[in-house]
Amino acid sequence: MQFILKTALLCSLLMGTTEVIASNKSNPSLSLAWQVTGLDIPESALEVHQGDKDFFLVSVLKGDYYSKDGNGDIAKISKNGKLLDSAWASGLNAPKGMAIAGKFLYVSDIDEVAVIDLKNGAIVNVIPVPGSAFLNDVVANRRGDVFVSDTGAGKIFRIRNGVPEVYIDNVPSANGLAMEKDDLLVGSGSQLVRYNTALEATLITQMPFGLIDGIAEVKCDSYLVSVWEGQIYWVNRNGTQTLLLDSSPAGIFTADFAYSKKHNLLVVPNFFNNTVSAYRVKD
């Protein structure tokens, strides 16, 4: 299918800057729903369902991404874009990817994974990951295994019953993670790769440039993929790509997003821009 791209300007009064959104003539496309400002280097977003309440958590580095300075926080944002708590969890160093397994939130934090009580934001455990260099994204499967990408070491670790181990080695620039049933989707540099349970790798697509950060399955045959440098793509299972957003001309980064099928929201941390932007997805 051939898509005809049009470029539109979307001005954000909250930011005082301009984002460039590229959408195709038909579907799919994005439209800005809300934006939260004032978060000091937001990196990753995650949707949480807690009883009858739905909200988003966002990891906030608040400084250097490598320093064990204890300044990192997890912010809490309502589904309507209200900042509920800028430090719902605190005492982290440089928190990045997050995932829920059971009653706990698992957060990568340089060379360890923090385990946080979802009821109150308290850190209940810290799991060191020997041999890690720069832990990044986190995802959990249906069994409760937690997978963590290591961008620095080019590995994927698995934490099972609290014990970390190397799950996949030799994954250059491993970053974004997502589950597709029992398969693991991995952003390896600019490549989107699927690993089955036998750890057989299949290349889904190669992005034009940049580093894949966020990945989410939208339908059984398509994904949303963010490239850290400022692009968001719709990727079909056969590897074809449609550019939905390019905010790089405005210097706006698109980090590890959360995609809510329930609320039809794509919640994107804007990293150095200190904002979180949420978009409605039209497919």
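In what follows, the structure referred to is the one given above.
Quantities reported herein were computed from a predicted structural model and do not represent experimental measurements.

Caption draft 1: Region of interest: the overall build of the chain. Along the chain, the regular secondary structure elements total zero helices and 26 strands. Radius of gyration (C-alpha) of the chain: 17 Å, near the 19 Å computed for a compact globule of 283 residues. Once the C-alpha set of the chain is aligned to its principal axes, its extents read approximately 50 × 40 × 35 Å. By the burial criterion, 57% of the 283 residues in the chain qualify as buried. Accessible area for the chain stands at about 12,000 Å²; split by element, carbon and sulfur atoms hold 49% of it. In the chain, 24 positive and 30 negative side-chain charges are present, and the distance between their average locations comes to 8 Å.

Caption draft 2: Local environment of the sheet that holds strand β15 (residues 163–168). The four strands lie next to each other as β12-β13-β14-β15, forming an open sheet whose pairing is antiparallel. At either margin of the open sheet sits one strand with a lone partner, and together these are β12 (135–140) and β15. Sheet twist, expressed as the average angle between the axes of neighbouring strands with direction ignored, equals 30°. Taken together, the four bridges between β12 and strand β13 (residues 146–150) define a ladder with antiparallel strand orientation. In the sheet register, A140 faces β13, and the bridge partner there is V146.

Caption draft 3: Looking closely at the environment of L30. Structurally, the position occupied by L30 is in strand β3 (residues 29–37). On the basis of relative accessible area, L30 is assigned to the buried category, the value being 7%.

Caption draft 4: Examining the pairing of strand β19 (residues 201–206) more closely. When strand β18 (residues 191–195) meets β19, the two strands line up antiparallel, connected through five bridges. Looking at the pairing, V193 lines up with L203 of β19. Connecting β18 to the next strand, β19, in antiparallel fashion are five residues, including L199 with a positive phi near 65°.

Caption draft 5: Spotlight on the sheet that holds strand β23 (residues 241–246). Pairing within the open sheet is antiparallel, and its four strands lie in the order β20-β21-β22-β23. Two strands in the sheet have a free side with no partner beyond their single neighbour: β20 (212–219) and β23. On average, each strand axis in the sheet is tilted by 20° relative to the strand beside it, whichever way the strands run.

Caption draft 6: Region of interest: the pattern of salt bridges. Under the defined criterion, the tally for this structure stands at 10 salt bridges. Linking R160 and D145 is a salt bridge whose minimum nitrogen-to-oxygen distance equals 2.8 Å. With a gap of 15 residues between them, R160 in strand β14 (residues 155–160) and D145 in the loop between β12 and β13 connect regions that are remote in the sequence. Relative accessible area serves as the criterion here: at 25%, R160 is assigned to the partly exposed category. The class for D145 is buried, based on a relative accessible area of 3%. Put simply, R143, D145 and R160 are held in one network by salt bridges that share partners.

Caption draft 7: Focus on the pairing of strand β21 (residues 222–227). Burial within β21 is extensive, with six of its six residues counted as buried. Here β21 shows a buried face lined by S222, L224 and S226 and a second buried face lined by Y223, V225 and V227. The sheet contact formed by β20 and β21 spans six bridges and is antiparallel. Residue pairing for β21: A216 is matched across the bridge by L224. Here β21 runs beside strand β22 (residues 231–236); their pairing, made up of six bridges, is antiparallel. Note on β22: the bridge partner recorded for S226 is I232.

Caption draft 8: Layout of the packing of aromatic side chains. Evaluation of the coordinates by the stated rule reveals 10 aromatic pairs. Relative to F253, the ring of W228 has its centre 4.5 Å away and its plane inclined at 45°; by these criteria the two rings are tilted. Placement of W228 in the loop between β21 and β22 and of F253 in the loop between β23 and β24 (258–260) is noted, with a sequence separation of 25 residues between them. Here F253 falls in the buried class, since its relative accessible area comes to 19%. Through pairs of rings, three or more aromatic residues link up here, namely Y65, Y66, F134, W228, F253, F271 and F272. Between K76 and the ring centre of F55, over which it is positioned, the NZ or CZ distance is 4.4 Å.

Cut-offs applied
Residues numbered from 1 in each chain as written. Predicted model: local features only at pLDDT ≥ 70, side-chain atom pairs only at ≥ 80, totals over all residues. Heavy atoms only, no water. Helix = DSSP H or I, 4+ residues; strand = E, 2+ residues; numbered from the N terminus. Rg over C-alpha atoms; globule rule 2.2 N^0.38 Å. Buried < 20%, exposed > 50% of the residue type's maximum accessible area, 1.4 Å probe, protein only. Areas by Shrake-Rupley, 256 points an atom, 1.4 Å probe, with all protein chains shown as cover. Lys, Arg positive; Asp, Glu negative; His and termini not counted. Charge placed at Lys NZ, Arg CZ, Asp CG, Glu CD. Pairing = 2+ DSSP bridges. Axes fitted to C-alpha atoms, helices over the stretch in contact; angles between N-to-C directions. Salt bridge = Lys/Arg side-chain N within 4 Å of Asp/Glu carboxyl O. Phe/Tyr/Trp six-rings, centres within 6.5 Å; stacked < 30°, edge-to-face > 60°. Lys NZ or Arg CZ within 6 Å of the ring centre and 35° of its normal.

Nothing here speaks to function; it is geometry throughout.
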